[in-house]
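# Summary of the model geometry
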Amino acid sequence: MTNPWLALPTTAPYVLPAEHNKIERFNHAYPEPDYRIRLNVLPEPYIGNPQAKVVILSLNPGYDETDPDWHARPDFRSSLVANLRHEPQPYPFYPLNPAYSGSGIHKWWRSKLNDLIRDTSLPTIAHNVLCVEWFPYHSIKYKAIPKGISGGLLPSQTYAISLVTAAVDRGATLIAMRRYQDWAQQVPGLRAYDKVHHLRSPQSGHLSSNNLINYPGIVKALS
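Residues numbered from 1 in each chain as written. Predicted model: local features only at pLDDT ≥ 70, side-chain atom pairs only at ≥ 80, totals over all residues. Heavy atoms only, no water.

### Describing the overall build of the protein
The helix and strand tally for the protein stands at ten helices and five strands. In terms of C-alpha radius of gyration, the protein reaches 17 Å, essentially the compact-globule figure of 17 Å for 223 residues. On the principal axes, the C-alpha backbone points of the protein span a range of 45 × 40 × 30 Å. Counting only residues that meet the buried cut, the protein has 50% of its 223 residues in that class. (Helix = DSSP H or I, 4+ residues; strand = E, 2+ residues; numbered from the N terminus. Rg over C-alpha atoms; globule rule 2.2 N^0.38 Å. Buried < 20%, exposed > 50% of the residue type's maximum accessible area, 1.4 Å probe, protein only.)

Encoded structure:
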């Protein structure tokens, strides 16, 4: 499937042309700040190497008040764009780049992946983990777009599903962090796939030795 993010505008609003009207209709219908889809920052539909050994199934990128400043910073923006285009970079999982240690996304992911980094290495995680979001745009809190507005899956979601489907086809290890039922409904064979690992507490999101069921299995998959 052709990567739809190649068509993302280079200036705000950062939304795919095919999805623009639907996102604007949603924001008009749900103007609450927590649910508003933020188009002043670049979407983050996935993070990492698309051929990664371990793939995290997540929900959507949050929104931090510092995001606009970081997304405007040239080096960080270059990493975001390279990631969207699946272009190689020193840290494919770019939030882990030490140069971005002051960003909200670095702090969030560093805390979630701390145990795995400790038990493997920072380069191992940066090159071998992919996170795919069910919904690609930023908001403080997630609210699903009603089908009356969306008409069904967005093109960007279809692409996200194709990335996970490809991961299953190549035998990657999956971690069901969030929205597993939606992923299972859309990804062929996912319910019967025997390499899906779950969290004891999905709300926390920590991929830690205490929270990941069969944590050693994840470490082994990364080695």
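What follows picks up the thread again.
### Side note on the packing of aromatic side chains
Inspection of every chain in the model, using the stated rule, returns twelve aromatic pairs. Pairing Trp108 with Trp109 gives two aromatic rings, centres 4.9 Å apart and planes at 80 degrees, and the pair type is edge-to-face. Pairwise contacts between aromatic rings join Trp5, Phe135, Tyr137 and Tyr142 into one cluster. In this structure, Arg38 is placed above the aromatic ring of Tyr63, and the distance from its NZ or CZ to the ring centre is 4.6 Å. (Phe/Tyr/Trp six-rings, centres within 6.5 Å; stacked < 30°, edge-to-face > 60°. Lys NZ or Arg CZ within 6 Å of the ring centre and 35° of its normal.)

### Let's talk about the side chain of Asn97
You can see Asn97 is positioned in the loop between α3 (74-84) and α4 (104-112). Filtering out sequence-adjacent residues up to four positions away, Asn97 remains in contact with Tyr91 and His106. (Contact = heavy atoms within 4.5 Å.)

### Observations concerning helix α1 (residues 20-29)
The complete set of buried residues in α1 reads Ile23, Phe26 and Asn27. Seen along its axis, α1 keeps its buried residues to an arc of 95 degrees; they face one direction. Summarising the geometry of α1, the exposed residues directed more than 90 degrees from the buried face are Asn21 and His28. Those residues of α1 that are buried lie in contact with α7 (147-150). (Arc of directions from axis to C-beta.)

### A short note on unusual backbone geometry
Looking along the chain, the bond that leaves Ala12 and enters Pro13 is cis, with omega of 0 degrees. Relative to the helices and strands, Pro13 is located in the segment before α1. Within the chain, His86 stands out as a residue other than glycine whose phi angle is a positive 60 degrees. Turning to its location among the elements, His86 is positioned in the loop between α3 and α4. On the basis of relative accessible area, His86 is assigned to the partly exposed category, the value being 26%. Its identity is not glycine, yet Asn214 carries a phi of approximately 60 degrees, on the positive side. Relative to the elements of secondary structure, Asn214 occurs in the loop between β5 (196-198) and α10 (215-222). The partly exposed category is assigned to Asn214, whose relative accessible area is 43%.

### What to know about the environment of Asn83
Examined against the element boundaries, Asn83 turns out to sit in helix α3. Residues Asn83 and Leu42, spaced 41 residues apart in sequence, show a C-alpha to C-alpha distance of 11 Å. The contacts of Asn83, once residues within four sequence positions are left out, are Tyr46, Ile47, Gly48, Gln89, Pro92 and Tyr94. Side-chain polar atoms of Asn83 contact the backbone oxygen of Tyr46, separated by 2.6 Å. (Polar contact = N/O pair within 3.5 Å; in protein donor to acceptor, adjacent residues only side chain to side chain.)

### A few points about the side chain of Arg38
In this structure, Arg38 sits in the loop between α1 and β1 (46-48). Asp34 provides the closest opposite charge to the buried, unpaired Arg38, separated from it by 5.9 Å. A polar atom in the side chain of Arg38 sits 3.4 Å from the backbone oxygen of Arg36. (Lys, Arg positive; Asp, Glu negative; His and termini not counted. Salt bridge = Lys/Arg side-chain N within 4 Å of Asp/Glu carboxyl O.)

### What to know about the layout of surface pockets
The rolling of a water-molecule-sized probe over the atoms marks out the regions of remaining empty space. Put simply, the largest pocket is a space of about 460 Å³. In terms of lining, the largest pocket is formed by 26 residues, of which the most central are Asn60, Pro61, Gly62, Tyr63 and Trp108. Counting residues per element, the ones that place at least two in the lining of the largest pocket are α2 (67-72) and α4. At four residues, the largest contribution of residues to the lining of the largest pocket is made by α4. (1 Å grid on protein atoms, 1.4 Å probe; cavity = no way out; pocket = protein on both sides within 12 Å on 5 of 7 lines; lining within 4 Å. Points joined across faces, edges and corners; volume = space filled by probe spheres on them.)

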